[in-house]
Amino acid sequence: MDYVAVATIVLYLGGVTALGAFMVRRTRGSGEWAVAGGGMAGAIVAFALAGSRIGGAGTYGVAGSVITGGVWNMWWYGISSLVALAFVGLFFAVYYRRLGLQTVAELFAVRFGSRRCQWLTSFCVQTENAIINVIEAYVIGVILSSLTPLSMLQGVLIAALMFSTYVSLGGIWGTAVTNVIHTVVILVSLLAVGVLGVREMGGWDAVTLQVNTRLASSPTHSQAAWWGLAGAGWLPVFGMLFAAVIHSPAASIYANFSTATRSERSLVPAFVIGGMIAALMPVFAGVIGILAVARYGLDAGLA
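Residues numbered from 1 in each chain as written. Predicted model: local features only at pLDDT ≥ 70, side-chain atom pairs only at ≥ 80, totals over all residues. Heavy atoms only, no water.

## Describing the packing of helix α4 (residues 60–69) against helix α5 (residues 72–99)
Piece 1. In the contact formed by α4 and α5, the axes pass within 8 Å of each other and the chain directions differ by 140°. Compared by their axis directions, α4 and α5 come out oblique. Residues V62, S65, V66 and G69 of α4 form the contact with α5, whose participating residues are W72, N73, M74 and Y77.
Piece 2. Considering only residue class, the contact of α4 with α5 consists of five nonpolar, three polar and no charged. (Axes fitted to C-alpha atoms, helices over the stretch in contact; angles between N-to-C directions. Helix = DSSP H or I, 4+ residues; strand = E, 2+ residues; numbered from the N terminus. Parallel < 35°, antiparallel > 145°, perpendicular 65-115°, else oblique. Contact = heavy atoms within 4.5 Å. Nonpolar A, V, L, I, M, F, W, Y, C, P; charged D, E, K, R; others polar.)

## Brief notes about the pattern of salt bridges
A side chain of one charge can pair with a side chain of the opposite charge when the charged atoms of the two come close.
Piece 1. In this structure the tally under the stated criterion is two salt bridges.
Piece 2. Note that R295 is salt-bridged to E200, the shortest N-O span being 3.2 Å. Within this pair, whereas R295 is found in helix α13 (residues 267–296), its partner E200 is found in helix α8 (residues 152–200), the two being separated by 95 residues in sequence.
Piece 3. The exposure class of E200 is exposed, given its relative accessible area of 59%. (Salt bridge = Lys/Arg side-chain N within 4 Å of Asp/Glu carboxyl O. Buried < 20%, exposed > 50% of the residue type's maximum accessible area, 1.4 Å probe, protein only.)

## Let's talk about the side chain of S114
Piece 1. Along the chain, the position of S114 falls in the loop between α6 (106–110) and α7 (115–147).
Piece 2. Excluding its chain neighbours within four sequence positions, the residues that come into contact with S114 are F108 and A109.

## Details of the packing of aromatic side chains
Piece 1. In total, this model carries eight aromatic pairs according to the counting rule given.
Piece 2. Ring plane angle 50° and centroid distance 5.3 Å describe the contact between F87 and F91, whose orientation is recorded as tilted. Taken together, the residues F87 and F91, both in helix α5 and four residues apart, mark about one turn of the helix.
Piece 3. Every member of this aromatic cluster is reached through a ring pair, and the members are F87, F91, F92 and Y96.
Piece 4. Above the ring of Y95, the side-chain terminus of R98 is found at 5.9 Å from the ring centroid. (Phe/Tyr/Trp six-rings, centres within 6.5 Å; stacked < 30°, edge-to-face > 60°. Lys NZ or Arg CZ within 6 Å of the ring centre and 35° of its normal.)

## Re helix α12 (residues 252–260)
Piece 1. For α12, the buried fraction is high: eight of the nine residues fall into the buried class.
Piece 2. Looking only at α12, the buried set comprises S252, Y254, A255, N256, F257, S258, T259 and A260.

Structure below.
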């Protein structure tokens with residue numbers, strides 16, 4: 001067992017959970033819990049939005065997709081994240097704030113007086129949230145069971161307890177603070193691993209040469225397609241952009257942060273800057289995917 005890794009995981013998860021729960025001190029009612037009383041600074045909102053946008057799919061998921069499919073995955077995942085958050089900021093966030101929405105489903109009751117649409121929308125959104133939360137807990141369970149003596153079930157239960165603690169106690173403030181921490185940690189750690197990896201392999205030219213050697217010996221991978229901006233064709237690129245843009249306005253967390261932002265003037269910049277921050281994470285993760293191909297090959301997988 002790697003005691004350094006275990007100690008790091010325990011301290012990080014414990015510290016973040018405690019800090020998120022500690023934000024209960026800033027919560028004095030349902031309005032404070034859901035929308036921070038409309039007093040959250042734009043800089044915090046930007047980082048919190050980035051953290052809510054990027055998770056496992058945008059980090060190790062992108063790294064794996066780069067290995068199997070090419071670097072277009074990292075570019076377009078990042079671009080789609082930026083476009084999606086900018087789209088919400090430019091066309092929806094101001095109206096969410098002016099209507100004082102705490103969930104997207106409220107829009108149908110407040111603006112159109114339709115309770116039926118509110119219930120159906122809430123059902124759809126909460127179903128998606130439940131799936132996402134299960135996946136997040138499962139992923140953390142995989143990590144904990146791999147690096148510690150804990151079983152898969154114990155790891156999942158710890159993850160679920162951690163999420164429920166800082167969200168239920170800290171509300172939007174707890175979510176925002178933990179997202180800021182996660183975003184900074186992801187950016188710094190992925191960048192550090194990428195820089196150290198390139199340096200260890202003798203520089204970027206050596207990395208690309210090794211990757212091209214791996215690609216040349218593979219009967220299923222084209223060098224031009226793997227490095228290409230649209231290696232799988234423009235239809236998957238369009239699909240990725242369309243899915244990100246059409247889905248994002250319905251995410252209630254963006255309504256929460258819109259109403260929680262202190263100033264309407266800082267709302268659009270917060271979403272655009274949050275999109276820029278979110279776009280960096282899959283790119284950094286994609287570099288690690290490139291390094292993995294150079295070092296271990298195209299079919300090494302987790303081994």
